[in-house]
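One-letter residues, chain by chain:
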Amino acid sequence: MRRTLAALMALAMCLSLTACGHFVSLMPGDASAAGQTGDAAQTPVPEEYFREQDLLAFLRWDDFAASYYDDTPVALSIRTDEGGFASPVFDRSSIIAACDALRSMTVTGRAGETTAVGSGTTYTFTMDNGSMYVISFVNGCLSLSTGLYTVTGGDGLWTMAFPGYGGDFDVFDLYFSDTVRAFADNFDVNTPVSVGRRSNGGATLASRDPDVVRHVFDLLANAAVVRVEDSPDQNIDLTQTTDYIFTMPDESYVTFTFTGPCLSVTASAEYGPVYYWLDGVDELPSVTILPESTVPTFAGGAIAGMREDIGQAQAAANGQLEGITVLGVYVDYTIQGQHGYLTLDGDTANAFIQQVTSINAAAETTAPMGDEITVFVTLSDQSGPIIVFTGDTVQQMVGTNHACDVNAMTNLRSTILTLAQDEKNIGQVIGSSTG
(Lines give C-alpha, C1' and ligand atoms only; values in the text may rest on other atoms or scores of the structure.)
Protein backbone atom coordinates (compact mmCIF):
# COMPACT_ATOMS: atom_id res chain seq x y z
CA MET A 1 0.00 0.00 0.00
CA ARG A 2 2.81 2.44 0.93
CA ARG A 3 4.64 1.69 -2.31
CA THR A 4 1.48 2.42 -4.30
CA LEU A 5 0.96 5.79 -2.54
CA ALA A 6 4.60 6.79 -3.15
CA ALA A 7 4.32 5.98 -6.85
CA LEU A 8 1.09 7.95 -7.16
CA MET A 9 2.66 11.00 -5.45
CA ALA A 10 5.70 10.91 -7.76
CA LEU A 11 3.46 10.69 -10.80
CA ALA A 12 1.41 13.66 -9.58
CA MET A 13 4.54 15.79 -9.14
CA CYS A 14 5.74 15.01 -12.67
CA LEU A 15 2.33 15.88 -14.12
CA SER A 16 2.25 19.19 -12.26
CA LEU A 17 5.67 20.18 -13.67
CA THR A 18 4.91 19.19 -17.25
CA ALA A 19 1.59 20.99 -17.11
CA CYS A 20 3.46 24.29 -16.65
CA GLY A 21 5.83 23.61 -19.57
CA HIS A 22 9.62 23.15 -19.28
CA PHE A 23 11.00 23.65 -15.78
CA VAL A 24 13.33 26.69 -15.56
CA SER A 25 15.25 27.75 -12.50
CA LEU A 26 14.62 31.33 -11.42
CA MET A 27 18.25 31.60 -10.27
CA PRO A 28 20.97 32.73 -12.72
CA GLY A 29 22.62 29.30 -12.57
CA ASP A 30 26.03 28.06 -11.50
CA ALA A 31 28.65 30.79 -11.64
CA SER A 32 32.01 30.33 -13.25
CA ALA A 33 35.05 30.51 -11.01
CA ALA A 34 34.38 33.36 -8.59
CA GLY A 35 36.64 36.29 -9.16
CA GLN A 36 37.57 35.17 -12.65
CA THR A 37 34.64 36.19 -14.83
CA GLY A 38 31.43 38.17 -14.87
CA ASP A 39 29.70 35.51 -16.99
CA ALA A 40 27.76 34.05 -14.07
CA ALA A 41 24.31 33.48 -15.62
CA GLN A 42 24.59 30.21 -17.51
CA THR A 43 20.87 29.31 -17.66
CA PRO A 44 18.56 31.54 -19.74
CA VAL A 45 15.67 32.99 -17.80
CA PRO A 46 12.45 33.62 -19.78
CA GLU A 47 11.04 37.11 -19.39
CA GLU A 48 7.90 35.90 -17.64
CA TYR A 49 9.97 34.35 -14.86
CA PHE A 50 12.58 37.10 -14.55
CA ARG A 51 12.75 39.20 -11.43
CA GLU A 52 14.82 42.33 -10.92
CA GLN A 53 18.06 41.84 -9.02
CA ASP A 54 21.04 43.89 -7.95
CA LEU A 55 23.76 43.43 -10.56
CA LEU A 56 26.44 42.16 -8.17
CA ALA A 57 24.01 39.68 -6.65
CA PHE A 58 22.95 38.55 -10.12
CA LEU A 59 26.60 37.92 -11.03
CA ARG A 60 27.18 36.27 -7.65
CA TRP A 61 29.96 38.74 -6.87
CA ASP A 62 28.88 38.80 -3.23
CA ASP A 63 32.44 38.59 -1.87
CA PHE A 64 33.54 41.40 -4.19
CA ALA A 65 30.62 43.60 -3.13
CA ALA A 66 31.34 43.05 0.54
CA SER A 67 35.10 43.65 0.43
CA TYR A 68 36.06 46.15 -2.25
CA TYR A 69 36.47 49.01 0.21
CA ASP A 70 39.04 47.05 2.21
CA ASP A 71 40.34 44.78 -0.55
CA THR A 72 40.27 47.35 -3.33
CA PRO A 73 41.32 46.19 -6.80
CA VAL A 74 44.77 47.47 -7.75
CA ALA A 75 43.70 48.29 -11.30
CA LEU A 76 40.62 48.80 -13.44
CA SER A 77 40.99 48.56 -17.21
CA ILE A 78 38.62 49.19 -20.08
CA ARG A 79 38.61 47.65 -23.54
CA THR A 80 36.19 48.64 -26.29
CA ASP A 81 35.54 46.86 -29.57
CA GLU A 82 36.22 50.11 -31.39
CA GLY A 83 39.50 50.93 -29.61
CA GLY A 84 40.81 47.39 -29.48
CA PHE A 85 43.16 47.88 -26.52
CA ALA A 86 42.98 47.62 -22.73
CA SER A 87 43.71 50.85 -20.86
CA PRO A 88 44.07 50.82 -17.06
CA VAL A 89 43.69 53.29 -14.22
CA PHE A 90 45.31 52.69 -10.85
CA ASP A 91 44.03 55.38 -8.47
CA ARG A 92 41.92 54.03 -5.64
CA SER A 93 39.30 56.78 -5.77
CA SER A 94 38.40 56.05 -9.41
CA ILE A 95 38.32 52.31 -8.81
CA ILE A 96 36.10 52.68 -5.73
CA ALA A 97 33.79 54.97 -7.74
CA ALA A 98 33.50 52.29 -10.43
CA CYS A 99 32.73 49.62 -7.82
CA ASP A 100 30.07 51.88 -6.30
CA ALA A 101 28.57 52.34 -9.76
CA LEU A 102 28.33 48.57 -10.25
CA ARG A 103 26.69 48.21 -6.86
CA SER A 104 24.08 50.78 -7.88
CA MET A 105 23.10 48.86 -11.01
CA THR A 106 20.00 46.68 -11.30
CA VAL A 107 19.37 43.90 -13.82
CA THR A 108 15.80 44.50 -15.00
CA GLY A 109 15.15 41.97 -17.74
CA ARG A 110 16.34 40.00 -20.73
CA ALA A 111 17.17 41.80 -23.95
CA GLY A 112 17.99 38.86 -26.19
CA GLU A 113 18.97 35.20 -26.33
CA THR A 114 22.33 35.80 -28.00
CA THR A 115 24.87 38.57 -27.97
CA ALA A 116 23.74 41.26 -30.35
CA VAL A 117 25.97 43.10 -32.78
CA GLY A 118 26.98 46.44 -31.36
CA SER A 119 29.60 48.40 -29.49
CA GLY A 120 31.03 46.21 -26.74
CA THR A 121 32.90 47.40 -23.66
CA THR A 122 34.67 45.20 -21.13
CA TYR A 123 35.81 46.29 -17.66
CA THR A 124 38.40 44.23 -15.77
CA PHE A 125 39.12 44.64 -12.07
CA THR A 126 42.55 43.23 -11.14
CA MET A 127 43.05 42.20 -7.52
CA ASP A 128 46.33 42.24 -5.61
CA ASN A 129 46.55 38.44 -5.86
CA GLY A 130 46.32 38.56 -9.65
CA SER A 131 42.71 37.35 -9.90
CA MET A 132 40.28 39.32 -12.03
CA TYR A 133 36.62 40.28 -12.09
CA VAL A 134 35.45 40.84 -15.66
CA ILE A 135 32.17 42.37 -16.81
CA SER A 136 31.05 43.23 -20.35
CA PHE A 137 28.33 45.43 -21.83
CA VAL A 138 26.94 45.67 -25.38
CA ASN A 139 24.81 48.66 -26.34
CA GLY A 140 24.34 49.45 -22.66
CA CYS A 141 23.18 45.91 -21.79
CA LEU A 142 24.96 43.38 -19.59
CA SER A 143 26.50 40.78 -21.91
CA LEU A 144 26.75 37.15 -20.78
CA SER A 145 27.09 33.88 -22.68
CA THR A 146 23.36 33.38 -22.16
CA GLY A 147 22.50 36.67 -23.86
CA LEU A 148 21.93 40.33 -23.06
CA TYR A 149 20.28 41.73 -19.95
CA THR A 150 18.91 45.23 -19.54
CA VAL A 151 20.32 47.23 -16.64
CA THR A 152 19.66 50.54 -14.95
CA GLY A 153 21.97 52.77 -12.93
CA GLY A 154 25.76 52.84 -13.07
CA ASP A 155 26.14 56.35 -14.47
CA GLY A 156 29.47 56.72 -12.67
CA LEU A 157 30.90 53.83 -14.70
CA TRP A 158 29.89 55.13 -18.13
CA THR A 159 31.47 58.53 -17.55
CA MET A 160 34.89 57.28 -16.34
CA ALA A 161 37.89 58.38 -18.41
CA PHE A 162 40.81 56.13 -19.35
CA PRO A 163 44.09 57.01 -21.14
CA GLY A 164 43.60 56.75 -24.88
CA TYR A 165 39.82 56.62 -24.45
CA GLY A 166 39.29 60.28 -23.69
CA GLY A 167 39.89 62.38 -20.63
CA ASP A 168 42.62 64.89 -19.95
CA PHE A 169 45.56 62.54 -19.34
CA ASP A 170 49.11 63.77 -19.83
CA VAL A 171 52.33 61.76 -19.60
CA PHE A 172 52.71 62.47 -15.89
CA ASP A 173 49.18 61.28 -15.08
CA LEU A 174 50.04 57.83 -16.43
CA TYR A 175 52.22 57.11 -13.40
CA PHE A 176 49.39 57.62 -10.88
CA SER A 177 52.13 58.90 -8.58
CA ASP A 178 52.02 61.95 -6.33
CA THR A 179 55.80 62.31 -6.77
CA VAL A 180 55.63 62.44 -10.57
CA ARG A 181 52.62 64.74 -10.51
CA ALA A 182 54.41 67.13 -8.13
CA PHE A 183 57.51 67.02 -10.35
CA ALA A 184 55.44 68.28 -13.29
CA ASP A 185 53.35 70.83 -11.38
CA ASN A 186 56.33 72.34 -9.56
CA PHE A 187 58.84 72.24 -12.41
CA ASP A 188 59.25 76.02 -12.57
CA VAL A 189 59.92 76.43 -8.84
CA ASN A 190 61.77 73.15 -8.25
CA THR A 191 63.64 72.88 -11.53
CA PRO A 192 65.89 69.84 -12.09
CA VAL A 193 69.60 70.57 -12.13
CA SER A 194 70.24 68.23 -15.05
CA VAL A 195 68.66 65.80 -17.50
CA GLY A 196 70.33 62.61 -18.63
CA ARG A 197 69.73 59.95 -21.27
CA ARG A 198 70.70 56.31 -20.76
CA SER A 199 70.32 53.56 -23.35
CA ASN A 200 69.86 49.89 -22.40
CA GLY A 201 71.12 50.47 -18.87
CA GLY A 202 74.49 51.77 -20.02
CA ALA A 203 76.25 55.00 -19.19
CA THR A 204 74.23 58.19 -18.76
CA LEU A 205 74.85 61.29 -20.82
CA ALA A 206 73.75 64.27 -18.74
CA SER A 207 73.41 67.99 -19.38
CA ARG A 208 73.11 70.81 -16.86
CA ASP A 209 72.11 73.27 -19.55
CA PRO A 210 68.78 74.77 -18.38
CA ASP A 211 67.59 75.05 -21.98
CA VAL A 212 68.17 71.34 -22.60
CA VAL A 213 66.47 70.40 -19.31
CA ARG A 214 63.46 72.55 -20.23
CA HIS A 215 63.30 71.22 -23.79
CA VAL A 216 63.16 67.56 -22.74
CA PHE A 217 60.54 68.36 -20.11
CA ASP A 218 58.41 70.30 -22.60
CA LEU A 219 58.46 67.44 -25.09
CA LEU A 220 57.13 65.10 -22.41
CA ALA A 221 54.64 67.62 -21.04
CA ASN A 222 53.15 68.37 -24.46
CA ALA A 223 52.91 64.75 -25.62
CA ALA A 224 49.48 63.23 -26.22
CA VAL A 225 48.45 59.68 -25.33
CA VAL A 226 47.34 57.90 -28.50
CA ARG A 227 46.68 54.35 -27.34
CA VAL A 228 47.99 51.46 -25.26
CA GLU A 229 50.02 48.75 -26.98
CA ASP A 230 47.99 45.55 -26.59
CA SER A 231 50.66 43.10 -27.83
CA PRO A 232 54.03 44.54 -26.76
CA ASP A 233 55.88 41.26 -27.17
CA GLN A 234 54.87 41.21 -30.84
CA ASN A 235 54.89 44.88 -31.84
CA ILE A 236 57.78 46.53 -29.96
CA ASP A 237 61.36 45.56 -29.13
CA LEU A 238 61.30 44.96 -25.39
CA THR A 239 65.11 44.76 -25.26
CA GLN A 240 65.62 48.39 -26.31
CA THR A 241 65.15 50.89 -23.47
CA THR A 242 65.94 54.58 -23.15
CA ASP A 243 65.72 56.40 -19.82
CA TYR A 244 65.37 60.17 -19.45
CA ILE A 245 66.56 61.01 -15.96
CA PHE A 246 65.90 64.34 -14.26
CA THR A 247 68.14 65.04 -11.26
CA MET A 248 66.48 67.26 -8.67
CA PRO A 249 68.19 69.82 -6.40
CA ASP A 250 67.93 67.38 -3.47
CA GLU A 251 69.75 64.72 -5.58
CA SER A 252 66.59 62.64 -6.03
CA TYR A 253 65.67 61.42 -9.51
CA VAL A 254 62.57 61.27 -11.68
CA THR A 255 62.94 58.82 -14.56
CA PHE A 256 60.87 58.31 -17.70
CA THR A 257 61.53 55.10 -19.61
CA PHE A 258 60.81 54.33 -23.24
CA THR A 259 60.77 50.72 -24.38
CA GLY A 260 61.14 50.76 -28.13
CA PRO A 261 58.99 53.72 -29.23
CA CYS A 262 56.54 53.45 -26.32
CA LEU A 263 56.58 55.06 -22.88
CA SER A 264 56.60 52.15 -20.43
CA VAL A 265 55.04 52.65 -17.00
CA THR A 266 54.67 50.20 -14.13
CA ALA A 267 52.18 51.81 -11.76
CA SER A 268 51.28 48.46 -10.19
CA ALA A 269 53.56 45.45 -9.82
CA GLU A 270 50.53 43.15 -9.86
CA TYR A 271 49.27 44.57 -13.16
CA GLY A 272 52.72 44.88 -14.73
CA PRO A 273 54.12 47.36 -17.28
CA VAL A 274 51.87 49.34 -19.59
CA TYR A 275 53.19 50.57 -22.94
CA TYR A 276 51.79 53.87 -24.25
CA TRP A 277 52.07 55.17 -27.79
CA LEU A 278 52.55 58.93 -27.63
CA ASP A 279 52.24 61.70 -30.16
CA GLY A 280 54.77 64.55 -29.96
CA VAL A 281 57.92 62.78 -28.72
CA ASP A 282 59.60 61.92 -32.03
CA GLU A 283 62.21 64.60 -31.37
CA LEU A 284 63.33 63.15 -28.02
CA PRO A 285 66.01 60.74 -29.36
CA SER A 286 67.63 63.53 -31.38
CA VAL A 287 67.89 66.05 -28.54
CA THR A 288 71.58 66.73 -27.96
CA ILE A 289 72.39 65.71 -24.40
CA LEU A 290 76.11 65.92 -23.66
CA PRO A 291 78.06 66.28 -20.44
CA GLU A 292 78.63 69.95 -19.73
CA SER A 293 82.34 70.51 -19.65
CA THR A 294 85.01 73.07 -20.32
CA VAL A 295 87.45 72.17 -23.10
CA PRO A 296 90.52 74.47 -22.85
CA THR A 297 93.65 74.13 -24.93
CA PHE A 298 95.44 71.01 -23.68
CA ALA A 299 99.06 71.62 -22.78
CA GLY A 300 99.85 67.95 -22.15
CA GLY A 301 99.90 65.82 -19.00
CA ALA A 302 97.44 63.45 -17.32
CA ILE A 303 94.20 63.25 -19.28
CA ALA A 304 92.32 64.16 -16.07
CA GLY A 305 93.31 67.73 -16.94
CA MET A 306 92.22 67.45 -20.55
CA ARG A 307 88.53 68.04 -19.83
CA GLU A 308 86.59 69.20 -16.79
CA ASP A 309 84.25 66.20 -16.80
CA ILE A 310 87.18 63.74 -16.86
CA GLY A 311 88.78 65.56 -13.93
CA GLN A 312 85.51 65.37 -12.01
CA ALA A 313 85.36 61.60 -12.58
CA GLN A 314 88.90 61.24 -11.23
CA ALA A 315 88.04 63.29 -8.14
CA ALA A 316 84.93 61.18 -7.52
CA ALA A 317 86.94 57.96 -7.85
CA ASN A 318 89.44 59.34 -5.33
CA GLY A 319 86.64 60.24 -2.90
CA GLN A 320 87.37 63.96 -3.22
CA LEU A 321 83.87 65.15 -4.23
CA GLU A 322 81.44 65.57 -1.35
CA GLY A 323 78.18 63.76 -2.04
CA ILE A 324 79.23 62.47 -5.49
CA THR A 325 80.48 58.93 -6.00
CA VAL A 326 81.02 56.59 -8.93
CA LEU A 327 77.94 54.51 -9.75
CA GLY A 328 79.58 52.46 -12.46
CA VAL A 329 81.79 52.21 -15.52
CA TYR A 330 80.86 50.67 -18.85
CA VAL A 331 83.64 49.80 -21.30
CA ASP A 332 83.11 48.92 -24.96
CA TYR A 333 86.32 47.71 -26.60
CA THR A 334 87.86 46.14 -29.66
CA ILE A 335 91.38 45.01 -28.83
CA GLN A 336 93.43 42.97 -31.31
CA GLY A 337 90.23 42.10 -33.19
CA GLN A 338 88.41 40.96 -30.07
CA HIS A 339 85.20 42.87 -29.38
CA GLY A 340 83.64 42.83 -25.92
CA TYR A 341 82.36 44.93 -23.07
CA LEU A 342 82.74 45.35 -19.31
CA THR A 343 80.44 46.61 -16.59
CA LEU A 344 82.32 47.66 -13.45
CA ASP A 345 81.23 49.01 -10.10
CA GLY A 346 82.53 49.50 -6.57
CA ASP A 347 86.25 49.50 -5.91
CA THR A 348 86.93 47.96 -9.32
CA ALA A 349 85.26 50.90 -11.07
CA ASN A 350 87.17 53.44 -8.93
CA ALA A 351 90.51 51.76 -9.59
CA PHE A 352 89.82 51.61 -13.31
CA ILE A 353 88.94 55.32 -13.46
CA GLN A 354 92.10 56.19 -11.54
CA GLN A 355 94.18 54.21 -14.04
CA VAL A 356 92.49 55.74 -17.09
CA THR A 357 92.55 59.35 -15.93
CA SER A 358 96.24 59.13 -14.91
CA ILE A 359 97.39 58.25 -18.45
CA ASN A 360 99.66 60.98 -19.81
CA ALA A 361 99.03 62.50 -23.23
CA ALA A 362 101.04 64.92 -25.34
CA ALA A 363 99.97 68.44 -26.18
CA GLU A 364 100.33 67.83 -29.91
CA THR A 365 97.45 66.32 -31.82
CA THR A 366 97.78 63.23 -33.97
CA ALA A 367 95.66 61.00 -36.20
CA PRO A 368 93.91 58.11 -34.41
CA MET A 369 94.50 54.56 -35.65
CA GLY A 370 94.23 51.11 -34.08
CA ASP A 371 92.24 49.49 -31.27
CA GLU A 372 89.08 51.21 -30.05
CA ILE A 373 88.22 51.62 -26.36
CA THR A 374 85.29 53.72 -25.16
CA VAL A 375 84.88 54.31 -21.42
CA PHE A 376 81.51 55.52 -20.10
CA VAL A 377 81.52 56.77 -16.49
CA THR A 378 78.28 57.34 -14.53
CA LEU A 379 78.49 59.38 -11.31
CA SER A 380 75.85 59.51 -8.60
CA ASP A 381 74.57 62.88 -9.84
CA GLN A 382 73.86 61.21 -13.21
CA SER A 383 76.73 63.09 -14.87
CA GLY A 384 79.92 61.48 -16.13
CA PRO A 385 82.37 61.62 -19.03
CA ILE A 386 82.79 59.49 -22.12
CA ILE A 387 86.48 58.88 -22.82
CA VAL A 388 87.36 57.61 -26.29
CA PHE A 389 90.70 55.92 -27.09
CA THR A 390 91.73 54.96 -30.62
CA GLY A 391 95.03 53.18 -30.92
CA ASP A 392 97.40 55.02 -28.61
CA THR A 393 95.46 58.30 -28.74
CA VAL A 394 92.72 59.85 -26.61
CA GLN A 395 89.98 62.11 -27.94
CA GLN A 396 89.66 65.54 -26.35
CA MET A 397 86.73 66.51 -28.56
CA VAL A 398 85.45 65.22 -31.86
CA GLY A 399 88.27 65.62 -34.38
CA THR A 400 90.97 66.34 -31.79
CA ASN A 401 93.16 63.46 -30.56
CA HIS A 402 96.31 63.49 -28.43
CA ALA A 403 99.02 60.80 -28.37
CA CYS A 404 99.11 58.86 -25.09
CA ASP A 405 102.00 57.22 -23.29
CA VAL A 406 102.49 53.91 -25.12
CA ASN A 407 103.29 51.88 -21.99
CA ALA A 408 100.22 53.26 -20.19
CA MET A 409 98.00 52.26 -23.12
CA THR A 410 99.52 48.76 -23.15
CA ASN A 411 98.72 48.46 -19.44
CA LEU A 412 95.14 49.69 -20.07
CA ARG A 413 94.56 47.01 -22.72
CA SER A 414 95.97 44.38 -20.39
CA THR A 415 93.69 45.52 -17.55
CA ILE A 416 90.62 45.35 -19.78
CA LEU A 417 91.40 41.85 -21.07
CA THR A 418 92.10 40.64 -17.53
CA LEU A 419 88.81 42.05 -16.23
CA ALA A 420 87.01 40.46 -19.16
CA GLN A 421 88.07 37.06 -17.84
CA ASP A 422 86.90 37.79 -14.30
CA GLU A 423 83.62 36.02 -13.59
CA LYS A 424 82.57 38.81 -11.23
CA ASN A 425 82.35 41.22 -14.18
CA ILE A 426 80.20 41.10 -17.27
CA GLY A 427 83.04 40.56 -19.70
CA GLN A 428 81.53 38.81 -22.71
CA VAL A 429 83.20 38.30 -26.04
CA ILE A 430 80.44 39.15 -28.51
CA GLY A 431 82.41 38.72 -31.68
CA SER A 432 85.91 38.41 -32.99
CA SER A 433 87.80 39.05 -36.17
CA THR A 434 91.34 39.00 -37.35
CA GLY A 435 93.17 41.95 -38.70
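Before reading on, note that the structure itself is shown above.
Residues numbered from 1 in each chain as written. Predicted model: local features only at pLDDT ≥ 70, side-chain atom pairs only at ≥ 80, totals over all residues. Heavy atoms only, no water.

Looking now at the sheet that holds strand S9 (residues 194-199). With antiparallel pairing, the seven strands of this open sheet are ordered in space as S10-S9-S12-S13-S14-S15-S11. Each edge of the open sheet is held by one strand with a lone partner, namely strand S10 (204-207) and strand S11 (224-228). Sheet twist, expressed as the average angle between the axes of neighbouring strands with direction ignored, equals 30 degrees. Here strand S12 (residues 241-247) runs beside strand S13 (residues 253-259); their pairing, made up of seven bridges, is antiparallel. Note on S13: the bridge partner recorded for tyrosine 244 is phenylalanine 256. Seen against the sheet, helix H7 (residues 210-221) touches S9, S10, S12 and S13 and runs at an angle of roughly 120 degrees to S12. (Pairing = 2+ DSSP bridges. Helix = DSSP H or I, 4+ residues; strand = E, 2+ residues; numbered from the N terminus. Axes fitted to C-alpha atoms, helices over the stretch in contact; angles between N-to-C directions. Contact = heavy atoms within 4.5 Å.)

For any two helices packed against each other, one specifies the inter-axial angle together with the distance between the axes. Between helix H9 (residues 308-317) and helix H10 (residues 346-357), whose axes approach to 9 Å, the crossing angle comes to 140 degrees. On the basis of the axis angle, H9 is oblique to H10. Here the hand of the crossing between H9 and H10 comes out left-handed. Residues Ile310, Ala313, Gln314 and Ala317 of H9 form the contact with H10, whose participating residues are Asn350, Ile353, Gln354 and Thr357. Class assignment of the residues belonging to the contact of H9 with H10 gives a composition of four nonpolar, four polar and no charged. (Parallel < 35°, antiparallel > 145°, perpendicular 65-115°, else oblique. Left-handed = near helix turned anticlockwise from the far one by under 90°. Nonpolar A, V, L, I, M, F, W, Y, C, P; charged D, E, K, R; others polar.)

Looking now at the nonpolar core. Soluble globular proteins tend to bury their nonpolar side chains together. Grouped together as the largest cluster of nonpolar side chains are 37 residues, with contacts concentrated most on Phe172, Phe183, Phe246, Phe256, Leu263 and Leu278. Looking at this core, the elements that each hand over two or more residues are helix H6 (178-185), H7, S11, S12, S13, strand S14 (262-265) and strand S15 (274-279). It is H7 that contributes the most residues to this core, six residues altogether. Setting aside residues up to four positions removed in sequence, phenylalanine 256 forms contacts with Val171, Phe172, Tyr175, Val180, Phe183, Leu220, Thr242, Asp243, Tyr244, Phe246 and Leu263. With 35 residues, the next largest nonpolar core counts Ile303, Tyr333, Ile353 and Ala361 among its residues. (Core = buried A, V, L, I, M, F, W, Y, C linked by side-chain atoms within 4.5 Å. Buried < 20%, exposed > 50% of the residue type's maximum accessible area, 1.4 Å probe, protein only.)

As a further point, take the environment of valine 274. Relative to the helices and strands, valine 274 is located in strand S15. On the basis of relative accessible area, valine 274 is assigned to the buried category, the value being 4%. If we skip the residues at most four places from it in the chain, valine 274 touches Pro88, Phe90, Val228, Leu263, Ser264 and Val265.

Once that is clear, we can look at the side chain of aspartate 381. Along the polypeptide, aspartate 381 turns up in the loop between strand S20 (372-379) and strand S21 (386-390). Non-local contacts of aspartate 381, meaning those with residues more than four positions away in its chain, are made with Ser194, Arg208, Thr247, Tyr253, Gln312 and Ile324.

Bringing a negative patch on the surface into the picture now. Taken together, the side chains of Asp70, Asp71, Asp128 and Glu270 make up a negatively charged region of the molecular surface. Within the secondary structure layout, aspartate 128 lies in the loop between strand S5 (120-126) and strand S6 (132-138). The exposure class assigned to aspartate 128 is partly exposed, which follows from its relative accessible area of 45%. (Patch = residues over 30% accessible without salt bridge, like charges linked within 9 Å, V, L, I, M, F, W, Y side chains within 5 Å. Areas by Shrake-Rupley, 256 points an atom, 1.4 Å probe, with all protein chains shown as cover. Salt bridge = Lys/Arg side-chain N within 4 Å of Asp/Glu carboxyl O. Lys, Arg positive; Asp, Glu negative; His and termini not counted. Charge placed at Lys NZ, Arg CZ, Asp CG, Glu CD.)

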